[in-house]
Amino acid sequence: MERLWDYSEIKKIMSESGFTFSKALGQNFLVNPSVCPKMAQMCGADGNTGVIEVGPGIGVLTNELCKVAKKVVAIELDERLPKILGKTLADHQNVEIISGDVMKIDLHRLIEEKFPGMEVVVCANLPYYITSPVIMKLLEEKLPIKALTVMVQKEAADRLCAQMGSRECGAVTAAVRYYSEPRLLFKVSAGSFMPAPKVDSAVIRMDVDSKPKLSVNDEKLFFKIVRGAFSQRRKTVLNSLSSALSADKSALKKAFEIAQVSPTLRPEAMTLEEFARVSNAVGEAK
Ligand code: SAM
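All of these numbers come straight from a predicted model, not from anything done at the bench.

**Observations concerning the pattern of salt bridges**
Any two side chains of opposite charge can pair if their charged atoms end up close together.
Turning to step 1, where the next piece is worked out: By the definition in use, this model includes 16 salt bridges.
Turning to step 2, where the next piece is worked out: Here E64 and K67 are joined by a salt bridge, their closest N and O atoms 3.3 Å apart. Of this pair, E64 and K67 both sit in helix α3 (residues 60-68), 3 residues apart, roughly one helical turn.
Turning to step 3, where the next piece is worked out: Measuring nitrogen to oxygen at the nearest pair gives 3.5 Å for the salt bridge that ties R183 to D207. Separated by 24 residues along the polypeptide, R183 in strand β7 (residues 180-188) and D207 in strand β9 (residues 201-208) bring together distant segments of the chain.
Turning to step 4, where the next piece is worked out: Judged by relative accessible area, D207 falls into the partly exposed class, the value being 22%.
Turning to step 5, where the next piece is worked out: What you see here is one network of salt bridges that share partners, running through R177, E181, D209 and K213.

In C-alpha cells:
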C-alpha cells in the first residue's frame, strides 16, 4: 500500500483496526513522504541484499525497503501490528514480519535462516526509548551486517557520530567508533512524525568494519575502561579509573606510563588508540 505516510491514510487504518499509539513503545510514525524513500536508497540495500528492520509500525519504511532489497525481515514488538502489516504490505512478496522484542531475538540465527548467501543491512526508525541498547546489541554481537542506517533523536545522532576528542563524545561514541565508521546522513524535523515528538531527529549510517581497526587484547576490559573513564568526565582518567576499577593509583600510573598516555588527561581528550594501549597495559599488569 502506498501513501502510508499520509495523515488521513493513517487515521483511516487506525479507525478501521482500533489501533492507538503506544507512547511506551516509542510509536512516532513517519508522515513525511520523502524520508523513507531516502532512507531506503541510502542504507546500502540492493537486489541482492537482505534488510532487517526494527519496528515497522504500519510499514511506511518497510514498503520502501521492499522495493529496493531482495528480502526484508521486520521485527515488531507490538502484537497489534502484524495484522495491520498483513494488509498494508500485501503488495510485496519479499517481506516477513517477526513478532518479538529485538533485544531478545537471536539475530545470528535469524540472519543464517532468513538471509542465506545475502549481504545484510539494518534500516530502522528506532523507538527512542532503546536507541543506544539496540545499536550496541547490533554492533557488539558482531553480526555479519554491512551497515546500520537508523533514525534517532538529533542529540543522540550527534553523540553517536561525534569525533573522539570532541565535546559531544562519550562512552557510546567510543563503542560505535570501535566497531564502525558512523556518519550523519540527514536531519528530520519533529513535524515529520505523528504524534510529533518534542525534538528533531536525524538519520545516521554506521558502516561496520569487517576487521577490527584496533589491537585490543581484552575487549571486556577495554569497554570497562572506556565506560569508567567517561563516568566522571570532569576528573582525570587516572582518578576516574582508580575508582571505576577499584585499582591502586600507583599501579595504574605505571600502566599509563607503559601505554605512553598522560594520566592527567580528561576522557574526551583521549583517542581510541590511547584507550586501547591503556587497556592492554592494565590487562598485562593484572
Ligand atoms: N517504522 C515506523 C515508522 O517509521 O513510522 C515506526 C517507527 S516507531 C519510531 C518504532 C517502532 O518500534 C514501533 O512500531 C514500535 O512498536 C516498535 N518497537 C518498540 N520497541 C520494540 C522492540 N523492543 N522490538 C521491536 N520493535 C519495537
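**Notes on empty space enclosed by the protein**
Regions of empty space are outlined by a rolling probe, equal in size to a water molecule, passed over the atoms.
Turning to step 1, where the next piece is worked out: Considering all chains together, one arrives at 2 cavities of 30 Å³ or more under this definition.
Turning to step 2, where the next piece is worked out: Taken as a whole, the largest cavity spans an internal volume of roughly 350 Å³.
Turning to step 3, where the next piece is worked out: For the largest cavity, the lining is made up of 30 residues, of which V54, G55, E76, N125 and P127 are closest to its centre.
Turning to step 4, where the next piece is worked out: Breaking the lining of the largest cavity down by element, the ones donating at least two residues are β1 (29-30), β2 (49-54), α3 and β3 (71-76).
Turning to step 5, where the next piece is worked out: Class assignment for the residues of the lining of the largest cavity results in 18 nonpolar, 8 polar and 4 charged.
Turning to step 6, where the next piece is worked out: Taken as a whole, the second largest cavity spans an internal volume of roughly 40 Å³.
Turning to step 7, where the next piece is worked out: Along its surface, the second largest cavity is lined by M1, E2, R3, L4, W5, P33, C36, P37, V60, N63 and E64.

**Details of helix α2 (residues 35-42)**
Turning to step 1, where the next piece is worked out: Along α2, the residues that are buried comprise V35, C36, M39 and A40. With its buried residues spanning 130° around the axis, α2 presents them on a single face.
Turning to step 2, where the next piece is worked out: On its buried face, α2 is in contact with β1, α3, β5 (119-125), β6 (147-153), β7 and β9.
Turning to step 3, where the next piece is worked out: Of the residues flanking the end of α2, it is G44, one or two places downstream, whose phi is positive at about 90°.

**Describing the sheet that holds β2**
Turning to step 1, where the next piece is worked out: Taken in spatial order, the 7 strands make up an open sheet running β4-β3-β2-β5-β6-β9-β7, and their pairing is mixed. Two strands bound the open sheet, and with one partner strand each, they are β4 (95-99) and β7. Pairwise comparison of adjacent strand axes, ignoring direction, gives a mean angle of 20° for this sheet.
Turning to step 2, where the next piece is worked out: Here β2 runs beside β5; their pairing, made up of 4 bridges, is parallel. What sits directly across from G50, in β5, is V120.

**Considering the environment of M164**
Turning to step 1, where the next piece is worked out: Inspection of the secondary structure puts M164 in the loop between α7 (154-160) and α8 (171-179).
Turning to step 2, where the next piece is worked out: Exposure remark for M164: the relative accessible area of 17% places this residue in the buried category.
Turning to step 3, where the next piece is worked out: It is 36 Å that separates the C-alpha atoms of M164 and P116, two residues lying 48 residues apart in sequence.
Turning to step 4, where the next piece is worked out: When sequence neighbours within four positions are dropped, the list of residues in contact with M164 reads C169, T173, A174, R177, F230, E268, M270, L272 and F275.

**Re the packing of α2 against α3**
Turning to step 1, where the next piece is worked out: Packing of α2 against α3 brings their axes to within 9 Å, and their N-to-C directions diverge by 40°. Taken together, α2 and α3 sit at an angle that is classed as oblique. Crossing handedness for the pair α2 and α3: right-handed. Contact residues: α2 offers C36, P37, M39, A40 and Q41, while α3 offers V60, L61, E64, L65 and V68.
Turning to step 2, where the next piece is worked out: Class assignment for the residues of the contact of α2 with α3 results in 8 nonpolar, 1 polar and 1 charged.

What counts, and where the lines are drawn
Along every chain, residues carry numbers that run from 1 in the direction the sequence is written. For this predicted model, a pLDDT threshold of at least 70 governs which residues receive local features, and a threshold of 80 or more governs which side-chain atom pairs are given and counted, while totals over whole chains, interfaces and linings are taken from all residues. Hydrogens and water are ignored here; the side-chain numbers use all heavy atoms of the structure. The salt bridge criterion pairs a side-chain nitrogen of Lys or Arg with a carboxyl oxygen of Asp or Glu, the two atoms within 4 Å. Secondary structure elements are taken from DSSP: a helix is a run of H or I of four residues or more, a strand is a run of E of two residues or more, and numbering for both begins at the N terminus. Buried, partly exposed and exposed residues are distinguished by accessible area as a fraction of the type maximum, computed with a 1.4 Å probe on protein chains only: under 20%, between the cut-offs, and over 50%, respectively. Points on a 1 Å grid, built from protein atoms alone, make a cavity when a 1.4 Å probe fits but cannot get out and make a pocket when they are open with protein on both sides within 12 Å along at least 5 of 7 lines; residues with an atom within 4 Å of a point are the lining residues. Grid points are joined across faces, edges and corners, and a volume is the space filled by probe spheres set on the points. Only Asp, Glu, Lys and Arg are considered charged in this grouping, and only Ala, Val, Leu, Ile, Met, Phe, Trp, Tyr, Cys and Pro are considered nonpolar; every other residue, Gly among them, is considered polar. Here the arc refers to the directions that run from the helix axis out to each C-beta atom. Two residues form a contact once any of their heavy atoms are found within 4.5 Å. For two strands to be treated as a pair, DSSP must find no fewer than two bridges joining them. Every axis in this analysis is a line fitted to C-alpha atoms, fitted for helices over the stretch in contact. Angles between the N-to-C directions lie between 0 and 180 degrees. Orientation is classified from the angle alone, with under 35 degrees giving roughly parallel, over 145 giving roughly antiparallel, 65 to 115 giving roughly perpendicular, and any other angle giving oblique. Crossing chirality is assigned from the near helix's rotation relative to the far helix, an anticlockwise turn below a right angle marking it left-handed and a clockwise turn marking it right-handed.

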